[in-house]
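# Summary of structural features
Chain by chain, the residues run as shown.
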Amino acid sequence: MICWRVLRERPVTTPDGRVDWDALRAQFRLEPGWANLALFYLASHPRAVREAVDHLSAQVDANPLVVPAGLALPDGPTGWPRVRQALAACLGGRAEEIAMTASTSIGLGVVYNGVVTRPGQEFLLTELDHNSHRTAARLAAEKHGNTVRLASWFADSATATAQGIAASVGEAIRPNTRVVGITWVQSSTGLRMPVRAVADVVRRANEGRSPADRCLLVVDGVHGLAAVDEDAAGLGADVVIAGTHKWLFGPRGTGLIWVAPDTLDQLRPTFVSFIGSGGTAALSPGGFLAFEHAFALPVAVALHEQLGRARVAARVTQLSTRVKQGLWLCSRDPAADVHQFRQRASDSQIRTARCCFPQRE
C-alpha cells in the first residue's frame, strides 16, 4: 500500500535531477480511491500552489489594501509584473506581450471582440474547435457585421497529416478571411494541429494584403500549454489564448493571452484594465478577482520548471499510451475503432498524449 503521508514529505526531484513521479502525485489531495484521468479539465492544486494561495489569502484577509500596495510570496514580492514575467519564460515570449484573463473562454471573447474588422469579413473555424471558441467568434461576428464559416481540415483524424491539414487551411482562406481560428490540441479528437505549418500558409495568404485585410492566426492553446514541449510564442501564431489552471497546474480562475508584437495594433480592448492602459496589458479584463490565486501563478510555473517541460511531456505521453493500450485490450470489440484507442493520427507531428474515443449508445 502506498503511504501518501510519507511521499508528501519527499521532494519531487531527486539529487541527480530525476523526477520522483510518486512524490509529485502525492502533492495532490485527490481522492485516493479513484484513478482521475481528466485533470486536464480542471487541475487539482498541488501542495506548492495550495500553500502559496493560502499564504497570499491570509495577507488579503488581514489587510485588503495590501493588494494594490503589494502581496508577497515566501521568496519575495508578487503581483502582475512577476506573474507576466513567469508566464513569459514559460511561453518563450516577453512579459509585455501577455494579457491576463480568468480562463480560455474569456480570453477568446476578448480577442474576437477586439479584432478590428470591416462588415463582410469572416472568421474561419471548424466544428471540431471547442464550443467556447466557436461561440466567441459567432457572438463577435453578430455584433460587428461579420460571419463565421466552419470548414474541415481533414476527413478522419486517424489518417490526417500535417501537410494535408496545412493545405486544407490554405485552400479555405478567402480574401475576406480576417481570422483563422484553430486549436493547438483538439478536445474532441486529441489531434495536435501543426500550428507552424498553418502559420506558414497564413503568412503566404497575407502577401499583398493591406493591414486591414490581414488574416490573423488565433490559437486556442489551452491543451498544448505545459503539455507539449514547445514554446507557444514561437509557433508562428498571431495570438495564443490559454487557461493556466489545466496542464500547468495553476490556480483556478487564471489564464493568459499572448499577442505577437506586430499584431497588437489589430486588437482593441473590450474591458477596462487594472493592469495597464497601453500595450497588451490593456487587453486584460479589469475588476476585483481572487488575487491570491492570480498572484500565486509563479509558483505553478516554478514547479513545472523544476520538473522540466520535456520530461512532463514525455510522462504525459507515457501515461496516455498506457491508458490507450488498456482501453483497447478491455474493449468488447477489439476490431472496432482500434485507432481510437491507440493513436489518433499516423503523422508524429500531430499526435498528442490526449486520449479521445467515441461514445456509443
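Just above sits the structure.
Scope of this entry: the structure provided in the associated data block. Only a predicted model underlies this, so the values are computations on that prediction, with no experimental measurement involved.

Basis of the calculations
Residues numbered from 1 in each chain as written. Predicted model: local features only at pLDDT ≥ 70, side-chain atom pairs only at ≥ 80, totals over all residues. Heavy atoms only, no water. Buried < 20%, exposed > 50% of the residue type's maximum accessible area, 1.4 Å probe, protein only. Helix = DSSP H or I, 4+ residues; strand = E, 2+ residues; numbered from the N terminus. Arc of directions from axis to C-beta. Contact = heavy atoms within 4.5 Å. Patch = residues over 30% accessible without salt bridge, like charges linked within 9 Å, V, L, I, M, F, W, Y side chains within 5 Å. Areas by Shrake-Rupley, 256 points an atom, 1.4 Å probe, with all protein chains shown as cover. Salt bridge = Lys/Arg side-chain N within 4 Å of Asp/Glu carboxyl O. Phe/Tyr/Trp six-rings, centres within 6.5 Å; stacked < 30°, edge-to-face > 60°. Pairing = 2+ DSSP bridges. Right-handed = clockwise from strand over helix to strand, strands pointing away.

Moving on, we get to helix α8 (residues 162-172). Looking at α8, one finds that the buried residues are Ala162, Ile165, Ala166, Ser168, Val169 and Ala172. Each buried residue of α8 lies within a common arc of 160 degrees when the element is viewed along its axis, so the set occupies one face. The exposed residues of α8 that point more than 90 degrees off its buried face are Gln163 and Glu171. Turning to α8, the residues buried within the fold contact β4 (122-126), β5 (147-151), β6 (177-183) and α9 (195-205).

Here we come to a nonpolar patch on the surface. Together, Val272, Phe274 and Phe288 make up an exposed nonpolar region whose accessible area comes to about 400 Å². By the element assignment, Phe274 lies in the loop between β9 (255-259) and α10 (291-294). Here Phe274 falls in the partly exposed class, since its relative accessible area comes to 46%.

What follows covers unusual backbone geometry. Although it is not a glycine, Ala226 adopts a positive phi angle of roughly 75 degrees. Along the chain, Ala226 turns up in the loop between β7 (216-220) and β8 (239-243). Relative accessible area serves as the criterion here: at 8%, Ala226 is assigned to the buried category.

This part covers the packing of aromatic side chains. Inspection of the entire model under this criterion finds six aromatic pairs. Between Phe28 and Phe249 the ring centres are 5.0 Å apart and the planes differ by 70 degrees, which places this aromatic pair in the edge-to-face class. In this pair, Phe28 sits in the loop between α2 (21-25) and α3 (47-62) while Phe249 sits in the loop between β8 and β9, placing the two residues 221 residues apart along the sequence. Phe249 matches Phe28 in its accessibility class, with the two residues each being buried. On the basis of an interplanar angle of 80 degrees and a centroid distance of 6.2 Å, the ring pair of Phe274 and Phe288 is categorised as edge-to-face. Placement of the pair is Phe274 in the loop between β9 and α10 and Phe288 in the loop between β9 and α10, with a sequence separation of 14 residues. Given a relative accessible area of 75%, Phe288 falls into the exposed group. Taken together, Trp80, Phe274, Phe288, Phe291 and Phe295 form an aromatic cluster joined through their ring pairs.

Relative to β5, β4 runs parallel, the two sharing five bridges. Pairing of Thr126 across the sheet is with Ala151, part of β5. As a crossover connection, the stretch from β4 through helix α7 (residues 131-144) into β5 is right-handed.

What follows is about helix α11 (residues 297-307). Burial analysis of α11 places eight of its eleven residues in the buried class, which makes it a mostly covered element. Of all the residues in α11, the buried ones are Leu297, Pro298, Val299, Ala300, Val301, Leu303, His304 and Leu307. Just downstream of α11 lies Gly308, where phi reads positive at about 95 degrees.

Turning to the pairing of β6, a few remarks are in order. A large share of β6 lies buried, amounting to seven of its seven residues. In this structure, β6 lies alongside β7, joined through five bridges in parallel fashion. Along β7, the bridge assignment pairs Thr183 with Asp220.

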